[in-house]
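In case you want the letters, here they are:
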Amino acid sequence: MPPTRPTHVDVLVIGAGAAGLMCAITAASRGRRVLVLDHANKVGKKILMSGGGRCNFTNTGTAPDNFISANPHFCKSALARYTPWHFIELVERHRIAYHEKELGQLFCDVSSKLIVSMLLDECAAAGAQVRTGCAIERVAVADGGGFELDTSHGPYHCERLVVATGGLSIPSMGATGFGYELARQFGHALLPTRAGLVPLTLSGKHQQRMEGLSGVALPVTAHCNGVAFNNAMLVTHRGVSGPAILQVSSYWQPGDTLSLDLLPGHDALALLRQWQDERPDAELRTVLSDALPRRFAQRLCEVWLPSRPMKQYTPSQLGDVARVLAAWPLVASGTEGYRTAEVTLGGVDTDGVSSSTMESRRVPGLYFIGEVLDVTGWLGGYNFQWAWASGHAAGMAA
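Residues numbered from 1 in each chain as written. Predicted model: local features only at pLDDT ≥ 70, side-chain atom pairs only at ≥ 80, totals over all residues. Heavy atoms only, no water.

Colleague: Would you mind showing me how to read the environment of L202 here?
Modeller: Secondary-structure assignment places L202 in the loop between β12 (200-201) and α7 (204-208). Residue class for L202 comes out buried when judged on its relative accessible area of 6%. Taking the C-alpha atoms as reference points, L202 and V110, 92 residues apart in sequence, are found 36 Å from one another. Not counting chain neighbours up to four residues away, the residues in contact with L202 comprise Q207, M210, R238, G239, L330, V331, A332 and S333. (Helix = DSSP H or I, 4+ residues; strand = E, 2+ residues; numbered from the N terminus. Buried < 20%, exposed > 50% of the residue type's maximum accessible area, 1.4 Å probe, protein only. Contact = heavy atoms within 4.5 Å.)

And the structure:
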C-alpha cells in the first residue's frame, strides 16, 4: 500500500490545555487552519481541577512581578497585550458568573467546566479542530518546509508548530516531559525543573515537634530568600501547606532559611508588652491561645517558648519571645514533589524564544507557550493569565 498522505494544516498545536486552546482560538480567528492534538482523553484537565473545581481563571492584579523566570522581563510583552480584562470580557460574553475570592483572584461561581466549554465553543466558532487521544510518535522539520508529525491518528504536516504541552506537575492528570524533549530535539536549552506551588515536608525532630497538629490552620507571613507572602498556613500529616506555604515554596530549596511571622500585621513585642500590662497573672500559653489556635499555642510553649505568668518576663526575655513569634524557624526537608505541585518551575530557556511572538529563535515556525517555558506565576490565577497571554501572542503570529 502507498504511504498515507499527511493531513495538512497551517497551525498544529500540541496540547489542549489553557495555552494551547487560547492559541488555537486566536490563530483560527485570523483565518488560519488550526488543529489541536492532545494525548489525553479529554481537554483542559488542569482547568477542570483548578480552584477546587471552580477555576481561578485570572487575577486582576497580574503584573510581571508575579512571575518567576531566569529572565524576569520575558513575560512583559505578552502580558501587556492580553490582560486579565481581555479574558474577563470573554467570560462575560459567555455569561459565566464569577466572583473575586481574595487578592484579585477570580473564580467561576458554578464550575470550571464552563471555562472549558467556553474555550471549545470559541474553537468551534473560529474553525479550530481539537482531537484528543492522539499520541505523537515523531516530530521533524519537513524537507519542503514546515513540520511533519507521525501520530496514532496518522501523519500530519503543518507550517507552524506550537508546543503547549505544560510541565511535569500532577502526572496523574497526564503531565509528561514531552515538551522538554521536543525543545531539546530542536536545540533549545532547558533550565532545571522542580516542583512549584507545592506543600513542604518535615522530617525527624522537626516533624515530631508538629505531631498531632494536623488540620491546624493560622494566618502567617512566610519569609524566604527576600520574598514574603501573607496568607494561611495549614499543618498536614507530612508537613505544612496552605496558600502562604505554596507561594513561598517556589522560592525555597532544601537548605534555605524559612521563617514565619505568626502574628502578621502586629508588632509582636508591643503586643506582648500590652498583655503583660493587662494580664500580668496569665501565662504566656494562655494569652497566645487567644491570638493563635490553642493547640498550636500550647505546642509553641512546650517546644520553643518557656511559659510562665506574663509578669515574670524581663524586658530581655520578652524580646526573645517576640523574636520567635515574628520569625518562627520552619526547617523543611523537601516538598511533596510533582505529584501535588500546581506548577513546574524552570523549563525551556526563554533566551531562545521571542518574547513578542513566542517563536523559536532557532527553528522558524516553532513556538513554545504556557508552562513549558521558564515562566512560573504565583498562586492565584497568574499561571492561567500567562497561559492566555502567551497563547494569544503565539496565535497572533503563527
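Colleague: For this particular structure, what's the right way to read the sheet that holds strand β5 (residues 98-100)?
Modeller: Across a sheet, paired strands are connected by hydrogen bonds in the backbone, their directions being either parallel or antiparallel. The strand order across the open sheet formed by three strands is β3-β6-β5, and the pairing between neighbours is antiparallel. The outermost strands of the open sheet, each flanked by one partner alone, are β3 (56-59) and β5. Each adjacent strand pair in this sheet contributes to an overall mean axis angle of 25°, direction not counted. In this sheet, strand β6 (residues 105-108) lies alongside β3 in antiparallel orientation, the contact comprising three bridges. Residue pairing in the sheet places N56 in a bridge with F107 of β6. (Pairing = 2+ DSSP bridges. Axes fitted to C-alpha atoms, helices over the stretch in contact; angles between N-to-C directions.)

Colleague: Just checking my understanding: could you explain the pattern of salt bridges for this structure?
Modeller: Think of it this way: side chains of opposite charge can pair up when their charged atoms draw near. Considering all chains together, one arrives at 14 salt bridges under this definition. A salt bridge links K46 to E371, with the shortest nitrogen-to-oxygen separation between them at 3.2 Å. Separated by 325 residues along the polypeptide, K46 in helix α2 (residues 45-53) and E371 in the loop between β20 (366-368) and β21 (376-377) bring together distant segments of the chain. The partner of R323 in a salt bridge is D320, with the nearest N and O atoms 2.6 Å apart. Pair noted here: R323 and D320 are both in helix α12 (residues 315-326), with a separation of three residues, about one helical turn. On the basis of relative accessible area, R323 is assigned to the exposed category, the value being 54%. Overlapping salt bridges bring together E89, R93 and E122 as one network. (Salt bridge = Lys/Arg side-chain N within 4 Å of Asp/Glu carboxyl O.)

Colleague: I tried to follow the packing of aromatic side chains on my own but got confused; where do I start?
Modeller: One pass over the structure, following the stated rule, counts twelve aromatic pairs. Between F67 and Y382 the ring centres are 6.3 Å apart and the planes differ by 85°, which places this aromatic pair in the edge-to-face class. Here F67 is found in strand β4 (residues 67-68), whereas its partner Y382 is found in helix α13 (residues 382-397), with 315 residues between them in sequence. Exposure remark for F67: the relative accessible area of 8% places this residue in the buried category. According to the relative accessible area criterion, Y382 is buried, its value standing at 8%. Measuring from centroid to centroid gives 5.7 Å for F384 and W388, while their planes differ by 10°, and the two rings are stacked. Linking F384 with W388, this pair stays in helix α13, spanning four residues, or about one helical turn. (Phe/Tyr/Trp six-rings, centres within 6.5 Å; stacked < 30°, edge-to-face > 60°.)

Colleague: Is there a simple way to think about unusual backbone geometry in this case?
Modeller: The bulk of non-glycine residues show a negative phi, and the bulk of peptide bonds are trans. One non-glycine residue, C55, lies in positive phi territory at about 55°. Following the sequence through the fold, C55 ends up in the loop between α2 and β3. A positive phi is found at M358, a non-glycine position, where the angle reads about 70°. Here M358 lies in the loop between β19 (343-348) and β20. Residue M358 is classed as buried on the basis of its relative accessible area, which comes to 0%.

Colleague: What should I look at first to understand the side chain of D349 in this one?
Modeller: Among the structural elements, D349 can be located in the loop between β19 and β20. The charged side chain of D349 is buried without a salt bridge, its nearest counter-charge being R362 at 8.1 Å. A polar atom in the side chain of D349 sits 3.0 Å from the backbone nitrogen of D351. In this structure, D349 is in contact with A189, L190 and L191, ignoring residues within four places of it in sequence. (Lys, Arg positive; Asp, Glu negative; His and termini not counted. Polar contact = N/O pair within 3.5 Å; in protein donor to acceptor, adjacent residues only side chain to side chain.)

Colleague: Before we go on, may I ask you to explain helix α1 (residues 18-29) in this structure?
Modeller: Along an α-helix, residues three or four positions apart point the same way, because every turn accommodates 3.6 residues. In a regular helix each residue adds 1.5 Å, so twelve residues correspond to 16 Å; α1 covers 17 Å between its end C-alpha atoms and thus fits that length. Where α1 is concerned, the buried positions are A18, A19, G20, L21, M22, C23, A24, I25, T26, A27 and A28. Phi turns positive, to about 90°, at G31, one or two residues after α1. (Expected span 1.5 Å × (residues − 1).)

Colleague: Help me out: how do you make sense of the sheet that holds strand β13 (residues 217-224) in this one?
Modeller: If you trace the seven strands from one edge of the open sheet to the other, you get β17-β16-β13-β14-β15-β12-β18, paired in antiparallel fashion. Strand pairing shows two members of the sheet lacking a second neighbour, β17 (328-329) and β18 (334-335), which therefore form its edges. Pairing of β12 with β18, which is carried by two bridges, proceeds in the antiparallel orientation. When the sheet's bridge partners are listed, T201 is paired in β18 with G334.

Colleague: Would you explain the nonpolar core in this entry?
Modeller: One finds L12, F87, I115, L149, W386 and W388 to be the most contacted residues of the largest nonpolar core, which totals 77 residues. When residues in this core are grouped by element, the largest group, nine residues, is from α1. Ignoring any residue separated from it by four or fewer positions in sequence, one finds L12 in contact with L35, L37, L149, Y156, C158, R160, L161 and V162. Ranked by size, the runner-up nonpolar core spans 47 residues in total, among them I68, L213, A244 and A332. (Core = buried A, V, L, I, M, F, W, Y, C linked by side-chain atoms within 4.5 Å.)

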